[in-house]
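# A look at the structure
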Amino acid sequence: MTDRLARTIMSLAALSLGDSRRDWARAMQGELEAASEDGKGLAFATGCLIAAWREMPVQAEGRFVLATYAFAVGLLLPVAALQFGCAAGYSYAGQAGSFGVLAQGSVHQPYLATAYLAAIPSLLALWALLGIGHIRLAWAMLDQDWPRVVRIGTANVAMSATLMIFTVVLFLGDTGAGLQAAALAVELAAIHGFARWHARISSNALSEALA
Amino acid sequence: MPRNRRPSKQMLMVLEALSSGGRQWRHGYDLMKETGLQSGTLYPLLMRMTGQGLVEAEWREPAQPGRPARHAYRLTVAGVAFARAGVGSDTTLSGKAALA
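To start, this report covers the structure provided alongside it. All figures in this text were calculated on a predicted structure; none of them were measured in a lab.

## Regarding the interface of chain A and chain B
On the side of chain B, 21 residues touch chain A, which itself brings 24 residues to the contact. If you look at where chain A meets chain B, you find 5 salt bridges. For B:Arg48, the salt bridge is made with A:Glu55, and the minimal N-O distance between the two is 2.8 Å. The tally of links between chain A and chain B comes to 9 residue pairs in polar contact (both at pLDDT 80 or more). Breaking the side of chain A that touches chain B down by element, the ones donating at least two residues are helix H2 (22-37) and helix H3 (41-55) of chain A. Residue composition of the side of chain A that touches chain B, grouped by class: 11 nonpolar, 3 polar and 10 charged.

## Quick look at the pattern of salt bridges
All told, the structure shown has 11 salt bridges over all chains when counted by the stated rule. The partner of A:Asp38 in a salt bridge is B:Lys33, with the nearest N and O atoms 3.6 Å apart. In this pair, A:Asp38 sits in the loop between H2 and H3 while B:Lys33 sits in helix H2 (residues 28-35), so the two residues belong to two different chains. Using a relative accessible area of 39% as the deciding quantity, one classes A:Asp38 as partly exposed. Residue B:Glu58 is joined to B:Arg60 by a salt bridge in which the shortest nitrogen-to-oxygen separation is 3.4 Å. What makes B:Glu58 partly exposed here is its relative accessible area of 34%. Residue B:Arg60 is classed as partly exposed on the basis of its relative accessible area of 30%. Members of the salt-bridge network, linked through shared partners, are A:Arg21, A:Glu55 and B:Arg48.

Definitions and limits used
Residues numbered from 1 in each chain as written. Chains lettered and ligands numbered in written order. Predicted model: local features only at pLDDT ≥ 70, side-chain atom pairs only at ≥ 80, totals over all residues. Heavy atoms only, no water. Contact = heavy atoms within 4.5 Å. Salt bridge = Lys/Arg side-chain N within 4 Å of Asp/Glu carboxyl O. Polar contact = N/O pair within 3.5 Å; in protein donor to acceptor, adjacent residues only side chain to side chain. Helix = DSSP H or I, 4+ residues; strand = E, 2+ residues; numbered from the N terminus. Nonpolar A, V, L, I, M, F, W, Y, C, P; charged D, E, K, R; others polar. Buried < 20%, exposed > 50% of the residue type's maximum accessible area, 1.4 Å probe, protein only.

Written out as structure tokens, the structure is:
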């Protein structure tokens, strides 16, 4: 059990060290056997994880990984939570929530009541899908899988555009649509910046390998 | 990159361990046992010292089949000179400067 935990911690340390320190990760993994034989595998692996985390801000790749985690946890996941909140009918941007707004709309404009009620399931499903899309986007970014980031990002843009059109048409000047657009613009700009940063790191690593 | 700062106490311990017994190859875990340093301290030091050209690393075949290959370390010529200067007189010379 302890050995398995030590190996798991060591795998995490190897992941944290990244490609540029791959040899060092293998070196630590090689020594884990010797440490485990002395019954000190867990302490050794924990020390290696601390070493890997201490190295992260020092290396360009490590700084990139830390920044992507901060972006994913600090922005993408809260936005996903917001989308799920909208899908569940909770309020945002000082509004009464999607159920409330739709119900209000149907009261104020009774001749559109059928349209409002018909729109509810599609809108809620879109919000939920957008929430899932943000979680998948965060995962793809942490994986540094840029083709997948582009695919998911495009799907998110399409869903957001549909939602904005729906909300503007149905709610007539809903401030939530503006917020959605602003959040989307920030996200796309940041993802573009991250992709360029990653390309620069990869290019530098390739130059160093060829030198 | 030249090193202009005084070597830390931990670095002096690693230099001393690596310079004892000539330029023999040593495994990371053996160095931990000899110096008493934890892996969280030893490995960042070894990474820095390798980057500074004071230590060289080499992959060694496992002693028993089925075991992973192990990294072994020893001082470079610059490292030996730096260790003599650093351990002996606590100098502030760089490894490369000590070699020159």
